[in-house]
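Here's the letter readout for the chains.
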Amino acid sequence: MNSIYLRARGLFHRFFQSPLIRRIVKNSGYLFSATGVSAFMSMLQGILTARLLGPSDFGALGAITVFTSTINRFASFRMNELVVRYVGHYEESGDSARAAAVFKSASYLEMGGAIIAFILIMVLAPLGATYIAHDSSLTPMFRIYGTIVLANLISESANGLLQIFDRFQVMAIITTIQSTVTLALIVVAFFSDAGLVAILLAYMCGKIIGALGITVAALWQAGKVWGKKWWRTPVALLAPQRKSLLTFAFSTNISSTISLVAKDSEVLWVSAFLGTTQAGYYKLALALSNLLQLPVSPLPKATFPELSREIARHSWDNVRYVLRQGSRLAATYSIPMTIGLVIFGSWLISTFYGSEYLPAYPALVILLVGYTFVNIFYWNRVALLSLGRPIFPTIVNLVGMIIKVAGIILLVPQFGYLAFAGLLTGYYIFTVGIAAARALLDVRTELAKVENI
């Protein structure tokens, strides 16, 4: 018994001996503390909402919220990734003026995207209500919820800035406050026997608080690091890097759009093809699958700045070490959790959500396979971005999207919402597998160059 303890202790110390891994775990730990609390609250929100609304209205709720987030992301440029990549690079080089100019440019571009998204939501809301939720009377709800994009004017850029300056604890606190407010309002709605409108307003309040909190924190951080007049930094400083910046921004925007079609608008697809009841089952399966991602979802945010720094320093041994240990860390949680959800998933659904939601269980089992694979190679995208390959994942995701959409047309009429679960899992294995292989190949190539010098 003592030998087993000593062996386990030795493995633990070897795993965390690197300052890089300790820093990644520490920063992701701040986010996980908030994510864990938020996930618990989110689960309670889901249980209360599902029981209050029933599968059909629960699916309609998903259609409304995902419709807004889909259009908002369509018009955005994933500015958090651009900020982390380039602000981190210039800060590492000691060029604070250009770092501030990048954040300023990203914020302006994101503002323009948010305004465009708001206009699109207002115009397209009747189509969303009619053809996705199959109820034109829901048009006002689509529009009301769509106003949250105005609170997110620069939230992506703000997120990126807080990441690069290691303000993960601040992000965690804001996330916890957002979840607490949302849960409190849903509890009131549940015991008041309120309906879909009250639940929608509860989600809105939480989202607005979270977005404004992140924005204020980032602007305060910018003033602290670059001075109160940082926003006067001329964008012209970036003229020599304009092409690379725009290439990065537009490639990540295209990649985001592909992701929206291929994986981030699943509830919309199911609702449009099969109705809001099956969308309700699928929404629940996705929500339970997210339990698998709890401690892993913060890791990309914590890993991205570290990879960018180490690659800028050409510390390729450290890069490989981070990727390898990151996968081991993710697998240690993901595999046992997947087994547990497969064994107890049907009991969990019937006990907490009600037996009317049991059709969600088969979809859950299928989705867990894909999410486990994504977790183990969680670093695939941020590694490629850090390596200066923003276009590669875009091409891979485009091919995966085309295959998946073809699969929807061929398989959904026969297999229903289970086809969506299978296709999403296949999409993840295909795209993440290729992206991870490309990143590892690049790192090995750079290591070989160093060894041959």
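Source: prediction; values computed, not measured.

**Student:** Can you break down the packing of aromatic side chains residue by residue, with the values?
**Tutor:** Per the counting criterion, the structure on display carries 16 aromatic pairs. Seen in terms of ring centroids, phenylalanine 67 and phenylalanine 142 are 5.1 Å apart; in terms of plane orientation they differ by 80°. Their pairing is edge-to-face. In this pair, phenylalanine 67 sits in helix H2 (residues 19–75) while phenylalanine 142 sits in helix H5 (residues 139–146), placing the two residues 75 residues apart along the sequence. With a relative accessible area of 0%, phenylalanine 142 lands in the buried category. Taking the centre distance of 5.5 Å and the plane angle of 50° together, the rings of tyrosine 371 and tyrosine 428 count as tilted. On the criterion of sequence distance, the pair formed by tyrosine 371 in helix H14 (residues 360–376) and tyrosine 428 in helix H17 (residues 417–452) is long-range, its members being 57 residues apart.

**Student:** Report on the environment of threonine 277, specifying residues and quantitative values.
**Tutor:** Along the chain, threonine 277 falls in helix H11 (residues 276–289). In this structure, the C-alpha to C-alpha distance between threonine 277 and serine 256, residues 21 residues apart in sequence, is 28 Å. Every residue in contact with threonine 277, bar those within four places of it in the chain, is listed here: Pro55 and Ser56.

**Student:** So what about the packing of helix H13 (residues 316–353) against H14? Which residues, and what values?
**Tutor:** For the pair H13 and H14, the least separation of the axes is 9 Å and the interaxial angle reads 175°. Taken together, H13 and H14 sit at an angle that is classed as roughly antiparallel. The segment H13 lies against H14, with Ser327, Ala330, Ala331, Ser334, Ile335, Thr338, Leu341, Val342, Gly345, Ser346 and Ile349 engaging Ala360, Tyr361, Leu364, Leu368, Thr372, Asn375 and Ile376. Here the residues of the contact of H13 with H14 are counted per class, giving eleven nonpolar, seven polar and no charged.

**Student:** Pulling in residues and values, what's your account of helix H6 (residues 155–164)?
**Tutor:** Within H6, ten of the ten residues are buried, which leaves it mostly tucked inside the rest of the structure. Every buried residue belonging to H6 is among Ser155, Glu156, Ser157, Ala158, Asn159, Gly160, Leu161, Leu162, Gln163 and Ile164, and all of these are buried. Those residues of H6 that are buried lie in contact with helix H3 (79–92), helix H4 (96–132), helix H7 (168–191), helix H8 (196–226) and helix H12 (299–312). Two residues or fewer past H6, aspartate 166 is found with a positive phi of approximately 60°.

**Student:** Which residues make up the pattern of salt bridges, and what values go with them?
**Tutor:** For the structure on display, the rule yields ten salt bridges. One salt bridge in this structure joins glutamate 310 and arginine 313, with 3.0 Å as the shortest N-O distance. Given the relative accessible area of 43%, arginine 313 is considered partly exposed. The network of salt bridges with common partners includes Arg73, Lys263 and Asp264.

Cut-offs used in this document
Residues numbered from 1 in each chain as written. Predicted model: local features only at pLDDT ≥ 70, side-chain atom pairs only at ≥ 80, totals over all residues. Heavy atoms only, no water. Phe/Tyr/Trp six-rings, centres within 6.5 Å; stacked < 30°, edge-to-face > 60°. Helix = DSSP H or I, 4+ residues; strand = E, 2+ residues; numbered from the N terminus. Buried < 20%, exposed > 50% of the residue type's maximum accessible area, 1.4 Å probe, protein only. Contact = heavy atoms within 4.5 Å. Axes fitted to C-alpha atoms, helices over the stretch in contact; angles between N-to-C directions. Parallel < 35°, antiparallel > 145°, perpendicular 65-115°, else oblique. Nonpolar A, V, L, I, M, F, W, Y, C, P; charged D, E, K, R; others polar. Salt bridge = Lys/Arg side-chain N within 4 Å of Asp/Glu carboxyl O.

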